[in-house]
Amino acid sequence: MMTLAAADSHYVTLLLLAVAVLLGAARLLGDIAQRFGQPAILGELMAGIILGPTVLGFLWPGGYEFLFTSNSDARLVLGGFIMLAATLLLLVAGLEVDLSVALKQGKAAILVALLGMIVPFFAGFTLAWFAPNLISAPADLPANWRTAFALFVGIAVSITALPIIAKILIDLNIFKADLGMLIMSAAILNDLIGWMGFAVVMALITTTPIDPATGAMLESP
């Protein structure tokens, strides 16, 4: 049986190994993407897909379990590293933003943000409303939860991944250009509207009664 110190050392080793594999794969595929004239983030995203449950978890479940999910504490720390990396990326992007250029976008940024949300929002909302079973909604989803669920799906598919957009613009060396500032301004507005929408959805959810015995959602009287 492992002692406490040995167990801690083992989990730290697994954590560092997981980080090394992630960084190594991201760097390798990022360099390959750049060789083909693509932003490095394209290869880095592919590394995440390959090492995630979609590919590695499907082809080699044991290896995926060993690297990324064998210990909850190590998984929690790894998640913290990932969140810190995304935060630092946004910090670097924020330091590069020229507010005078960003403010010039004004109406154009608002128009791009709204148009970029309308189509995916209504597509996600329609799918969740008319065919919730296709996106793994609970079979016993109460009717009074359908609106909240459809809103959630619509918002989820319409908001942007701000760190990814920032990294793409940085890789393409257009972050400081007018086009880059327009894209970032629109993406920020997109995220702002999306999080406000999520707040509305959470308010709808928290006002729905729950059965204290089973935790099941109940119909409103």
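In this text, all values refer to a predicted model and were calculated from it rather than measured experimentally.

About the thresholds
Residues numbered from 1 in each chain as written. Predicted model: local features only at pLDDT ≥ 70, side-chain atom pairs only at ≥ 80, totals over all residues. Heavy atoms only, no water. Buried < 20%, exposed > 50% of the residue type's maximum accessible area, 1.4 Å probe, protein only. Helix = DSSP H or I, 4+ residues; strand = E, 2+ residues; numbered from the N terminus. Core = buried A, V, L, I, M, F, W, Y, C linked by side-chain atoms within 4.5 Å. Contact = heavy atoms within 4.5 Å.

Re helix 8 (residues 162–171)
Thought 1: When we look at burial in helix 8, the residues that qualify are Leu 162, Ile 165, Ala 166, Lys 167 and Leu 169.
Thought 2: Phi for Asn 173, located one or two positions after helix 8, is positive at around 60 degrees.

So, the nonpolar core
Thought 1: Core analysis: the biggest nonpolar cluster contains 11 residues, these being Leu 15, Ala 18, Ala 25, Ala 26, Ala 47, Leu 51, Leu 56, Tyr 64, Leu 67, Phe 68 and Leu 78.
Thought 2: When contributions to this core are tallied by element, the ones reaching two or more residues are helix 1 (4–35), helix 2 (40–51) and helix 4 (61–69).
Thought 3: Counting residues per element, this core draws most heavily on helix 1, at 4 residues.
Thought 4: Not counting the four nearest positions on each side in its chain, Ala 18 is found in contact with Leu 67, Phe 68 and Leu 78.
Thought 5: Of all hydrophobic cores here, the second largest spans 9 residues; its members include Ala 93, Ala 166, Met 181 and Ala 187.

Regarding the environment of Leu 22
Thought 1: Along the chain, Leu 22 turns up in helix 1.
Thought 2: For the pair Leu 22 and Glu 44, spaced 22 residues apart in the sequence, the C-alpha separation amounts to 9.1 Å.
Thought 3: Once residues within four sequence positions are removed from consideration, Leu 22 is found in contact with Leu 51, Phe 68 and Leu 78.

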